[in-house]
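# Structure at a glance
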Amino acid sequence: MWNARLFIILAVVLSLVGSVLLFIVASIDIIKVAKDTFLYYSGVLGDGADIHNILLNTIIMAVDLYLIAVVLLIFAFGLYELFICKIQIKDDSNSKVLEIHTLDQLKDKLAKVIVMALIVAFFSKVLNMGMKSTQDMLFFAISILALAVGLYFLHKDSKH
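Structural notes, computed from the coordinates. Not measured: the values here are computed from a predicted model.

### Details of helix α1 (residues 8–41)
Its 34 residues give α1 an end-to-end C-alpha distance of 50 Å, which sits within 8% of 50 Å, the value for a rise of 1.5 Å per residue. In this structure, the buried residues of α1 make contact with α2 (51–84). Within two residues after α1, glycine 43 carries a phi angle of roughly 90°, on the positive side.

### Concerning helix α3 (residues 103–128)
Its 26 residues give α3 an end-to-end C-alpha distance of 38 Å, which sits within 8% of 38 Å, the value for a rise of 1.5 Å per residue. Considered for burial, the residues of α3 that qualify are Leu106, Leu110, Lys112, Val113, Ala117, Ile119, Val120, Ser124 and Val126.

### A short note on the packing of aromatic side chains
Applying the stated criterion to the full structure yields three aromatic pairs. Note on tyrosine 40 and tyrosine 41: the rings are 5.0 Å apart at their centroids and 85° apart in plane angle, and the pair reads as edge-to-face. Owing to a relative accessible area of 23%, tyrosine 40 belongs among the partly exposed residues under this scheme. A ring pair is formed by tyrosine 152 and phenylalanine 153, whose centres lie 5.2 Å apart and whose planes are at 70°; its orientation type is edge-to-face. Take phenylalanine 153: its relative accessible area is 53%, and that puts it in the exposed class.

### Quick word on the nonpolar core
Within the largest apolar cluster, 13 residues are counted, with the highest numbers of intra-cluster contacts made by Leu67, Ile74, Leu106, Leu110 and Val113. Only α2 and α3 provide two or more residues apiece to this core. Considering every element that reaches this core, the biggest residue donor is α2, with six residues. Those residues in contact with leucine 110 that lie beyond four places of it in its chain are Val71, Ile74 and Phe75.

### With respect to the packing of α1 against α2
Taken N-terminus to C-terminus, the directions of α1 and α2 make an angle of 165°; their axes are 8 Å apart at the nearest point. The angle between the axes of α1 and α2 places the two elements in the roughly antiparallel class. In terms of crossing hand, the pair formed by α1 and α2 is left-handed.

Calculation criteria
- Residues numbered from 1 in each chain as written.
- Predicted model: local features only at pLDDT ≥ 70, side-chain atom pairs only at ≥ 80, totals over all residues.
- Heavy atoms only, no water.
- Helix = DSSP H or I, 4+ residues; strand = E, 2+ residues; numbered from the N terminus.
- Expected span 1.5 Å × (residues − 1).
- Contact = heavy atoms within 4.5 Å.
- Buried < 20%, exposed > 50% of the residue type's maximum accessible area, 1.4 Å probe, protein only.
- Phe/Tyr/Trp six-rings, centres within 6.5 Å; stacked < 30°, edge-to-face > 60°.
- Core = buried A, V, L, I, M, F, W, Y, C linked by side-chain atoms within 4.5 Å.
- Axes fitted to C-alpha atoms, helices over the stretch in contact; angles between N-to-C directions.
- Parallel < 35°, antiparallel > 145°, perpendicular 65-115°, else oblique.
- Left-handed = near helix turned anticlockwise from the far one by under 90°.

Honestly, it's all geometry; don't read function into it.
Next up, the structure:
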């Protein structure tokens, strides 16, 4: 029965594959927008393109992909360390990013990164939203306040 835990390897490997794919896709997006920026400023892209909007949206989406890739990476390392065996750290650094001893620690680390990914996704949506009324501005300010309060309580017990 104890060897049944080895089925976790499938989740670990596929999470790592997904993480690598997300890192590659986000990096390719950044390279493409760098090329578009170069073409814009060299006059080839045309005057109708809004490079600032393209650049900002693409980079924010890439950051979101990177954060989701980190979630998958932490998930894979956490599952491996919890169910298969401890990961030997090669250097003596005090980094505890991937050190996971309990399922609650794994959930806590994942939750923090997922919240950051959601904040980046929210930021992307807000950038594309047009402010049409005072009520829109009020809701925008309240949402920023709610995010700030949420982040405060999320990191309140962390030892930075």
